[in-house]
Amino acid sequence: MNNIVAIVGRPNVGKSTLFNRLIQRREAIVDSVSGVTRDRNYGKSEWNGKEFSVIDTGGYIRGSDDVFEGEIRKQVELAIDEADVIIFVVDVEEGITPMDDVVARLLRKVTKPVLLAVNKVDNAMREKDALEFYNLGLGEYYTFASISGSGTGDLLDALIEAFPVKPEPVQEEVVLPRFAVVGRPNAGKSSFINALIGKERFMVTDIAGTTRDAIDTKFDRFGFEFNLVDTAGIRRKAKVKEDLEFYSVMRSVRAIEHADICILVIDATRGFEGQDQSIFWLAEKNRKGVVILVNKWDLVEKDTMSTRDYEEKIKKELMPFTDVPILFVSALTKQRLLKALEATVQVYENRQQRIPTSKFNEFMLKVIEAYPPPATKGKYVKIKYCMQLPTQTPQFVFFANMPQYVKEPYKRYLENKIRENWDFSGVPIDIYIREK
């Protein structure tokens, strides 16, 4: 179970720049104008072998100072509610502002670890200026510069230390697979579950975001037994002006992390949009199995090429991970729902699949012999042995004399050959090259 880290603070102190540095991608838009972060940005990070989820709570706020303060308060309270550790970012250039005081007052009351991070400290003079932040009453602070990255190592060391020690999960006699139904609001997630279980378990309306929480339902029909998790829809902040939005995002991130398989429901009338892709890649980063259901297919005007064209468009957006089941369903008419269920169970079995080492070597060594890794600087890479690792998700290791010369394209070639011979549809695969 991964920890969740929330980055909080008033606008324009560098929260999104720190977020981008932690996830090592320019995912959040950064500008000197306050309020640029309107969507909820969330991603995965790792430090010293520990993985965690990061949420950038930057909000778009306009209006009077009172409204401004109220919105900040809601955001911080929601972050406190779900996060395991909170990073409170302040700006050394501006010193302590009234808004910093508001946030600090809230954070002083919580029992969760709070790391005070003073941004834009890139010289000795600013190190002295940072002493002022002791006045916030949050104890020790950490100085860093999010643009250059200096000081972030110490901040991350402290972050890892602050993570709560989580008890080992108690093994139940029968651990049921967990299938999380995820997707944009109003794509038909709750309707899909209601149609499967045959009763109105969840409230369904045309209003996006009716479902607020992730709710578990035990499913035991048609010979299948598992837990279905209906998640609150992940919405874009520009489309909704409710503080529950942020809460929904955090719950959905948590549901994806705890699931075995993610059933991504998309709205056929809207297509495979950017937010759908974000949810897909979040599931993929967490190494979860994925099934894509194109819902409301009964509302789309079709010709003989419709399903194939639609599928090709989706797969183009999913490159290079295109080995994913895509089914066209209708929760309203119950069209192909049983097939969707069968595909999800199959992906779960694919994820559990274990290949005997002797069979794996027998097949893969012939593949490698037929097309060995390209020579680099006149040096030839030889792979003599390979095996599947005993991990929860499919991971394979290949032992080579010079692993550093095996590049990504060749790893993709090995992955494609594995997928050709064994069914890993819907499941991310990791390939490692190690020195023999």
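Placed above this text is the structure.
Calculation notes
Residues numbered from 1 in each chain as written. Predicted model: local features only at pLDDT ≥ 70, side-chain atom pairs only at ≥ 80, totals over all residues. Heavy atoms only, no water. Helix = DSSP H or I, 4+ residues; strand = E, 2+ residues; numbered from the N terminus. Buried < 20%, exposed > 50% of the residue type's maximum accessible area, 1.4 Å probe, protein only. Contact = heavy atoms within 4.5 Å. Areas by Shrake-Rupley, 256 points an atom, 1.4 Å probe, with all protein chains shown as cover. Pairing = 2+ DSSP bridges. Axes fitted to C-alpha atoms, helices over the stretch in contact; angles between N-to-C directions. Phe/Tyr/Trp six-rings, centres within 6.5 Å; stacked < 30°, edge-to-face > 60°. Expected span 1.5 Å × (residues − 1). Polar contact = N/O pair within 3.5 Å; in protein donor to acceptor, adjacent residues only side chain to side chain.

Q: Please explain the overall build of the protein chain as it appears in this structure.
A: When its secondary structure is counted, the protein chain shows 12 helices and 15 strands. In the protein chain, buried positions account for 53% of the 436 residues. Long-range pairs, those at least 24 residues apart, make up 69% of the contacts in the protein chain between residues at least 6 apart in sequence. For the protein chain, the exposed surface amounts to about 21,200 Å²; the carbon and sulfur share of it is 49%.

Q: Help me understand the environment of Ile266 in this model?
A: Assignment of secondary structure puts Ile266 in strand 10 (residues 261–267). Accessibility expressed as a relative area gives 0% for Ile266, which makes it buried. For the pair formed by Ile266 and Gly183, sequence separation is 83 residues and the distance between their alpha carbons is 6.3 Å.

Q: Explain the sheet that holds strand 14 (residues 395–400) to me, please; I cannot follow it from the model alone.
A: Adjacent strands of a sheet pair through backbone hydrogen bonds, lying either parallel or antiparallel. The mixed open sheet is built from 3 strands, whose spatial order is 13-14-15. Strand pairing shows two members of the sheet lacking a second neighbour, strand 13 (383–388) and strand 15 (430–435), which therefore form its edges. On average, each strand axis in the sheet is inclined to that of its neighbour by 20 degrees, with strand direction left out of account. Bridging between strand 13 and strand 14 involves 5 bridges; their strand directions are antiparallel. Counted as the bridge partner of Met387 is Val397 from strand 14. With respect to the sheet, helix 11 (residues 357–370) is in contact with strand 13 and strand 14, its orientation differing from that of strand 13 by roughly 140 degrees.

Q: Which parts of the structure should I look at to understand the packing of aromatic side chains?
A: When we look at a pair of aromatic rings, we describe it by the centre distance and by the angle of the planes. Inspection of the entire model under this criterion finds 17 aromatic pairs. Geometrically, the ring pair formed by Phe280 and Trp281 is edge-to-face, given 4.9 Å between the ring centres and 85 degrees between the ring planes. Residue Trp281 is classed as partly exposed on the basis of its relative accessible area of 24%. An aromatic cluster of at least three residues, connected via ring pairs, comprises Phe360, Phe363, Phe396, Phe398, Trp422 and Phe424.

Q: Can you walk me through helix 8 (residues 274–285) in this structure?
A: Over its 12 residues, helix 8 extends 16 Å from the first C-alpha to the last, a length consistent with the 16 Å expected when each residue adds 1.5 Å. Taken residue by residue, helix 8 has Gln275, Asp276, Gln277, Ile279, Phe280, Leu282, Ala283 and Glu284 as its buried positions. Where helix 8 ends, the next residue or the one after it, Arg287, has phi of about 60 degrees, a positive value.

Q: Looking at this model, I keep getting lost on helix 1 (residues 15–23). Mind explaining?
A: Owing to its 3.6 residues per turn, the α-helix aligns residues three or four sequence positions apart on the same side. With 8 of 9 residues buried, helix 1 lies mostly within the body of the structure. When helix 1 is considered as a whole, its buried residues turn out to be Lys15, Ser16, Thr17, Leu18, Phe19, Asn20, Leu22 and Ile23.

Q: Please clarify how the pairing of strand 5 (residues 114–119) should be interpreted in this entry.
A: Each regular strand shows side chains that alternate between the opposite faces of the sheet. Taking burial as the measure, the 6 residues of strand 5 include 6 buried ones, the bulk of the element. Burial along strand 5 is two-sided: Val114, Leu116 and Val118 facing one way and Leu115, Ala117 and Asn119 facing the other are all buried. Pairing of strand 4 (residues 85–91) with strand 5 involves 6 bridges; the strand directions are parallel. Within strand 5, the position partnered with Ile87 by the bridge is Leu115.

Q: Explain the side chain of Asp100 here, please?
A: Mapped onto the secondary structure, Asp100 falls in helix 3 (residues 98–108). In this structure, Asp100 is in contact with Arg10, Phe88, Val90, Gly95 and Leu136, ignoring residues within four places of it in sequence.

Q: Help me understand the environment of Gln388 in this model?
A: Position of Gln388 among the secondary structure elements: in strand 13. Overall, Gln388 belongs to the buried group, its relative accessible area being 7%. Residues Gln388 and Ile431 lie 43 residues apart in sequence; the distance between their C-alpha atoms is 9.4 Å. Excluding anything up to four places from it in sequence, Gln388 contacts Gln353, Arg354, Ile355, Phe360, Pro394, Gln395 and Phe396. There is a polar contact of 3.1 Å between the side chain of Gln388 and the backbone oxygen of Gln353. In this structure the side chain of Gln388 is engaged in a polar contact, spanning 2.8 Å, whose partner is the backbone nitrogen of Ile355.

These figures come from the coordinates and say nothing about function on their own.
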